[in-house]
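# What the coordinates show
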Amino acid sequence: MNSRFLTNSGLSLIGAFTVVASMVWAPPTFMWLMFAAGILAVALAAAAAIPGRGRAQRALDGVVGILGAWTIVASLVFSAGVVTWLGFASGAAFVGLAFAGLALHELHTERVVHAFELRAPAEEPTYAPARG
């Protein structure tokens, strides 16, 4: 399985969980969940060190790393009411970035399939019916 697919799928799960958790749990609990989500996002962004991810995916990984660091800081600095909405926004941004990364992954896969389809098929020999 491709590392781009795995990291983007993981990021979408982290983002979706953060969005739901922001509306479900009390702010003191959510602050720590948001902190953990930021750490996980930064860890996933470290996957940019894996070779063969492409320039666009590395740029997305950089944005995810910056957003993850912001999420960590926001979870520790702001008050309870503000953290709820900042966490919601961070989770939604994680999901959006994950979908962008998954779309890039599919475009890369589509290019590979398209390259295979462009090859000219080998000519098949034609057989004449036997006369007999």
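Scope of this entry: the structure provided in the associated data block. (Residues numbered from 1 in each chain as written. Predicted model: local features only at pLDDT ≥ 70, side-chain atom pairs only at ≥ 80, totals over all residues. Heavy atoms only, no water.)

## Some remarks on the overall build of the protein
Quick note on the threshold: Secondary structure elements follow DSSP: runs of H or I of four or more residues count as helices, runs of E of two or more count as strands, with numbering from the N terminus. Throughout, a contact is declared for two residues whenever any of their heavy atoms are within 4.5 Å. All accessible areas in this document rest on Shrake-Rupley with a 1.4 Å probe, and a residue is counted as covered only by the protein chains that are shown.
A count of helices and strands for the protein gives four helices and zero strands. Its helices and strands in sequence order give the protein the pattern α-α-α-α, from N to C terminus. Considering only residue pairs separated by 6 or more positions, the protein has 72% of its internal contacts joining residues 24 or more positions apart. With the model as given, the accessible surface of the protein reaches about 8300 Å², and the carbon-plus-sulfur share is 72%.

## Things to note about helix H1 (residues 3-24)
Put simply, the rule reads: The span one expects for a helix is its residue count, reduced by one, times 1.5 Å. Relative accessible area decides the class of each residue, using a 1.4 Å probe on protein chains only: under 20% of the type maximum gives buried, over 50% gives exposed, and in between gives partly exposed.
Compared with an ideal rise of 1.5 Å per residue, which puts 22 residues at 32 Å, H1 spans 31 Å between its outermost C-alpha atoms and is within 8% of the ideal. Taken residue by residue, H1 has Arg4, Thr7, Asn8, Ser9, Leu11, Ser12, Ile14, Gly15, Thr18, Ala21 and Ser22 as its buried positions.

## Observations regarding empty space enclosed by the protein
We count it as follows: Lining residues are those with an atom within 4 Å of a point, where the points come from a 1 Å grid over the protein atoms alone and group into cavities, where a 1.4 Å probe fits but cannot get out, or pockets, open sets with protein on both sides within 12 Å along at least five of seven lines. Grid points are joined across faces, edges and corners, and a volume is the space filled by probe spheres set on the points.
One pass over the full model with this rule turns up one cavity of 30 Å³ or more. The calculated volume of the largest cavity comes to roughly 50 Å³. Taken together, Thr7, Asn8, Leu11, Leu44, Ala45, Arg53, Gln57, Asp61 and Val64 make up the full set of residues lining the largest cavity. Breaking the lining of the largest cavity down by element, the ones donating at least two residues are H1, helix H2 (27-45) and helix H3 (55-77).

## A short note on the nonpolar core
Soluble globular proteins tend to pack their nonpolar side chains together in the buried interior. Rules: We define a nonpolar core as any set of buried Ala, Val, Leu, Ile, Met, Phe, Trp, Tyr and Cys residues linked to one another through side-chain atoms lying within 4.5 Å.
With nine residues, the main nonpolar core is built from Leu11, Ala41, Ala45, Leu60, Val64, Leu67, Phe94, Leu97 and Ala98. When residues of this core are traced back to their parent elements, those giving at least two are H2, H3 and helix H4 (80-117). The residues touching Ala41, leaving out its near neighbours within four places in the chain, are Leu11, Ile14, Val64, Gly68 and Phe94.

## Focus on a nonpolar patch on the surface
Formally: Patch definition: residues with relative accessible area over 30% and no salt bridge; like charges joined within 9 Å; nonpolar side chains (Val, Leu, Ile, Met, Phe, Trp, Tyr) joined within 5 Å. One speaks of a salt bridge when a side-chain nitrogen belonging to Lys or Arg is within 4 Å of a carboxyl oxygen belonging to Asp or Glu.
Taken together, the side chains of Phe17, Val20, Met23, Val24, Trp25, Trp85 and Phe88 present a nonpolar region at the surface, about 720 Å² in accessible area. Broken down by secondary-structure element, the contributors of at least two residues to the nonpolar patch are H1 and H4. Of all the elements, H1 adds the most residues to the nonpolar patch, at four residues. Among the secondary structure elements, Phe88 is positioned in helix H4. For Phe88, a relative accessible area of 30% translates into the label partly exposed.

## Brief notes about the packing of H1 against H2
In plain terms, the rule: Here an angle of 0 to 180 degrees is reported between the N-to-C directions of two axes, which are lines fitted to C-alpha atoms, with helices fitted over the stretch in contact. By definition in this entry, angles of less than 35 degrees are roughly parallel, angles greater than 145 are roughly antiparallel, angles of 65 to 115 are roughly perpendicular, and the rest are oblique. Each crossing is labelled by how the near helix is turned from the far one, with a counterclockwise turn of less than a right angle marking it left-handed and a clockwise turn marking it right-handed. Polarity classes work like this: nonpolar for Ala, Val, Leu, Ile, Met, Phe, Trp, Tyr, Cys and Pro, charged for Asp, Glu, Lys and Arg, and polar for all others, with Gly in that last group.
H2 packs onto H1 with a crossing angle of 165 degrees between their chain directions and a minimal axis gap of 10 Å. On the basis of the axis angle, H1 is roughly antiparallel to H2. The chirality of how H1 crosses H2 is left-handed. Contacts between H1 and H2 pair Thr7, Gly10, Leu11, Ile14, Phe17, Thr18, Ala21 and Ser22 from the former with Phe30, Leu33, Ala37, Leu40, Ala41 and Leu44 from the latter. Looking at side-chain class alone, the contact of H1 with H2 contains 10 nonpolar, four polar and no charged residues.

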